[in-house]
Amino acid sequence: MKTKLLTALLLGTSIIGTTGIALAEDVTLNIESWRGDDLTIWKDKLIPAFEAKNPGIKVVFAPSAPTEYDAALGAKLAAGSAGDLITCRPFDKSLELFKKGNLADISSLPGMDNFSPVAKAAWQTDDGKSSFCVPMASVIHGFIYNKDAFDKLGLKVPTTNEEFYAVLDKIKADGTYIPMAMGTKDLWEAATMGYQNIGPNYWKGEEGRQALIKGEQKLTDPQWVAPFKELAKWKPYLGDGFEAQTYPDSQNLFTLGRAAIYPAGSWEIGLFNTQAQFKMGAFPPPVQKAGDTCYISDHTDIGMGLNAASKHPEEAKKFLSWVASPDFATIYANALPGFFSLNSTPVKMADPLAQEFVSWRGKCKSTIRSTYQILSRGTPNLENETWVESANVINGTDTPEAAAKKLQTGLDSWYKPAK
Amino acid sequence: MDTETMAEETRPKRPIRWHVGVFLAPAVLVYTAIMILPLFGTLQLSLFRNIEQHQVFVGLGNFGTLFGDPNWSVNFWNALRNNVWFFIIHMLVQNPIGILLAALLSSPRLRFAAFYRTAIFVPTILSFVIVGFAWKLILSPIWGVAPHLMDFVGLKSFFTAWLGKEQYALTALSLVSVWQFVGIPMMLIYAALLSIPDEVIEAAECDGVTGMAQFWKIKLPLILPSIGIISILTFVGNFNAFDLIYTAQGALAGPNYSTDILGTFLYRAFFGFQLQVGDPNMGAAIATIMFLIILGGVCVYLFLVQTRLRRYQF
Amino acid sequence: MSTATRSLPRTIGAHAILLTYTVIALFPVILVIVNSFKSRAGIFGAPLTPPTPKTFDLIGYTTVFGQGDFFHYFQNSLVVTVASLFFVLLFGAMAAFALSEYRFRGNTLMGLYLALGIMIPIRLGTVAILQLMVATGLVNTLTALILVYTAQGLPLAIFILSEFMKQVSDDLKNAGRIDGLSEYTIFFRLVLPLVRPAMATVAVFTMIPIWNDLWFPLILAPSEETKTVTLGAQLFLGQFVTNWNAILAALSLAILPVLILYVIFSRQLIRGITSGAVK
């Protein structure tokens, strides 16, 4: 009885399924993404703009939650039910998908020449010969501050470390505001907004990052321990119970006007604009001494690739070419202030805070997060460990030296730099 | 189908008992096709390793890595230790509270029993998403619900950021889990207590056994099989637990892996996390070990405990 | 009937304990619901006070209803839950009866085999299950979910039910056999009514994880037409991480249907339990 029912059900649904496809005239492309936040922008702005120019192609943006995205996508790719277009995490995660044959080679895609080699590097094989995702945006780290609070307390935007701590001390002494809104509960805030934010000033951006990959520097070297030492000093300036403060807690603390400074990534701009009732400004991570060259983390964060198993590769490529176009860049960068286009054609942005962030590209040297390329390929995973250790250092449960040593030991256990 | 032929062999004189097969078939079919085959398909991955995109047979090599390579073994033992603690708290807190509540609820002519029963079971029906979120808010030092309440009873100084401190986080989460699941032992024991026939209780009362003594001497022995069930269910549930830790602390089970249990450890290994690429082979090895641990516990229950429990048919 | 005379202090004591625990059990839920009716500043400023005219705000609910078709998601959840529940109870009770009633070689082994499923998280079989569903064209159908949940619910149902079925009196069944009833009639007419309390308990235990599951809807049926309430709420959480009005409203809305279902069900559950006991 059961088997009959089962067969009937299986048959019934598959018939409905196939006729459904046979009748459809338009080609429908599905986009896999972890950016649930962008759903309305895709629905209302980006997709209509594309569909207007490309009749016969329908695009559906189908995001899943960031925490489940990679696992769910992996399962769907393995079973062959994933969408046509895949939003790409930078570096190894996508490289792995490419190696498995899940992402198609799109090196020759029309529009790829709109991007500089640096922009493309996050989605290329190690030899740089094949590209597998169209770069979409990068994000820049820095600090966003409450301008009203700064004015009220008569504070000047800090440029050096000394000034930075002087400002924090003043806010703390005044007592109206929590000096800095950051928690260690979610771990990644400590690593991303802390370590990767201020770090490049110490390890000199690309210079240090490349040397680490080549094995010429070690995480236990002073320039790599120094950011941890700074983080350890942050503890007294964070809110009560910061150990259990989550990322949304921090965002709310700042946008409700209870904290003065927010160690940030530029992706916060859009949200903060809608939620904060006060004026905001931004400053790059302070340098050690006045006159030092400043370095910023300008991290290639998001791209889009083609599912190699897509049933509509031609239409999907058309869409990707459009993603690579300046048109897309303009809509995207303005709809999502803080996600900076990687397109070589300069994009005009209206948002003042976003302009402030992007202006640092002119003054400072750009780099990407130190743990992303190559170094997080093995076990233990350097990125994960950096999250854990950054939180430990701020919590005071590990000294900066001990944290650095743990990271280096973990890295040494599997990573043998090419000599 | 096997069962019929087996039955035939056992009692050759009897006709084939088709009904045994009919009773078993639907469950066995669905269960085997959708659950067992996929699961063992996954578990056998533990004997392979991905080398240059090819699955290569490595025997027990992955288990060697899991126990021999400190990069894996340290995390594994940490997760196992945490899991044992998680289980101990459930056994010591959840099950006694569940039995106590059931005993109180089952006392005859208790007013509002229906209300209590319904209310206490409410947390059990909530999804982990809700439980994780609600408790994070309550325990959050910024939102201030817990500090407020503790201030109310003069215990403010005992408040700390529990979920953020290595020494408290796991215990705090275990208690949240107890809060969520106490309804299950309560309901099972309640059903068991209610099915004790009135005659038994009346006879006890005639002999002057009432109140606490009645519970300990008459009812408890009668509900022992049910206590056995809830213990084994707690054991299995705890060693498979994942969702609460994941929704409350994230896949890295912070701070400093202090809330990492086997479920979260397995998830990270199998599906990967952030830049960490998932390793189905190592994941399957961990899953196999988890399976063996749980299988061991269930066997102890089935062969040592269950067969010795006295069952009473009413 | 029991003639116990209960002393007053003991009754008060019992009520005190039950009441305390009830408060502990309901407090977080009430907190979520109460705050969902407040403005953002109200939520943060005074989380413990009920909404006042100053802090009362329905913005959370407006946001939720502006997004996605929660009513449709709710229907999907209901179909999946009820159908899976039906199959789990029917097949589970049948198998449990076979295991507890008949002695045949391999009985214990079969029991252990059917219990294997509670020892490994079914999530691990994801890729194989998904491949199966892709092969049969069941991806993005509710049938896929019902099949998986039926398989997932069976082991626990069989485990609990067979324990209860062992307690059903042999005399009764043998009397039925002497009267010439078939084994099927004995099962459906005599045994099933007697294990109603256990069936109700299993029903509740099976229902909860199905209703609240996030993983399989995400993998097997993520399309707009087949989305379940829990998946809808989770996506919503991802989209509005910092919009606590909306989150609390969405959570309240996700709590409500299960709560109503449970309250309806709990009547049946208790009726089942008591009728079984009185027999």
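Reading the values: the criteria
- Residues numbered from 1 in each chain as written.
- Chains lettered and ligands numbered in written order.
- Predicted model: local features only at pLDDT ≥ 70, side-chain atom pairs only at ≥ 80, totals over all residues.
- Helix = DSSP H or I, 4+ residues; strand = E, 2+ residues; numbered from the N terminus.
- Buried ≥ 20, exposed ≤ 12 C-beta atoms within 10 Å, placed from the backbone.
- Contact = placed C-beta atoms within 7 Å.
- Core = buried A, V, L, I, M, F, W, Y, C linked by C-beta atoms within 7 Å.
- Expected span 1.5 Å × (residues − 1).
- Domains from an automatic or database assignment.
- Nonpolar A, V, L, I, M, F, W, Y, C, P; charged D, E, K, R; others polar.
- Axes fitted to C-alpha atoms, helices over the stretch in contact; angles between N-to-C directions.
- Parallel < 35°, antiparallel > 145°, perpendicular 65-115°, else oblique.
- Left-handed = near helix turned anticlockwise from the far one by under 90°.

### Examining the overall build of chain C
Then, number 1: In terms of regular secondary structure, chain C is built from 13 helices and zero strands.
Then, number 2: N-terminal to C-terminal, the α/β element order of chain C is α-α-α-α-α-α-α-α-α-α-α-α-α.
Then, number 3: If one aligns the C-alpha atoms of chain C with their principal axes, the spans along those axes are about 75 × 65 × 30 Å.
Then, number 4: Per-residue burial over chain C gives 54% buried out of 279 residues.
Then, number 5: Partitioning the intrachain contacts of chain C with sequence separation of at least 6 by distance along the chain shows that 77% fall at a separation of at least 24.

### As for the nonpolar core
Then, number 1: Counting 317 residues, the largest nonpolar core has A95(C), L161(C) and A250(C) as the members making the most contacts within it.
Then, number 2: No other element matches the 17 residues that helix α7 (residues 142-165) of chain C contributes to this core.

### Focus on helix α9 (residues 183-194) of chain B
Residues and elements named next belong to chain B.
Then, number 1: With twelve residues, α9 should reach 16 Å at 1.5 Å per residue; the first-to-last C-alpha distance of 16 Å fits that figure.
Then, number 2: With eleven of twelve residues buried, α9 lies mostly within the body of the structure.
Then, number 3: Listed in full, the buried residues belonging to α9 are G183, I184, P185, M186, M187, L188, I189, Y190, A191, A192 and L193.

### Concerning the domain arrangement of chain B
It is common to report an interface's size as the accessible area lost on association of the parts.
Residue and element names in this part refer to chain B.
Then, number 1: Considered domain by domain, chain B is made up of domain 1 (2-59) and domain 2 (62-306).
Then, number 2: Of note, the centres of domain 1 and domain 2, computed from C-alpha atoms alone, are 31 Å apart.
Then, number 3: At the junction of the two partners, domain 1 supplies eight residues and domain 2 supplies eight residues.
Then, number 4: For the side of domain 1 that touches domain 2, the per-class residue count stands at four nonpolar, three polar and one charged.

### Concerning the packing of helix α5 (residues 113-125) of chain B against helix α1 (residues 8-35) of chain C
Then, number 1: Remark: α5(B) packs on α1(C), axes separated minimally by 8 Å, with the N-to-C direction vectors making an angle of 40 degrees. Classified by the interaxial angle, the pair formed by α5(B) and α1(C) is oblique. Regarding α5(B) and α1(C), the two cross each other, and that crossing is left-handed. Side by side, α5(B) and α1(C) meet where Y116(B), A119(B), I120(B), V122(B) and P123(B) of the first sit next to L18(C), Y21(C), T22(C), A25(C), L26(C) and V29(C) of the second.
Then, number 2: The class makeup of the residues in the contact of α5(B) with α1(C) is ten nonpolar, one polar and no charged.

### Things to note about the interface of chain C and chain B
Then, number 1: Counting from both sides, the interface comprises 83 residues of chain C and, opposite them, 77 residues of chain B.
Then, number 2: Classifying every residue of the side of chain C that touches chain B gives 60 nonpolar, 18 polar and five charged.

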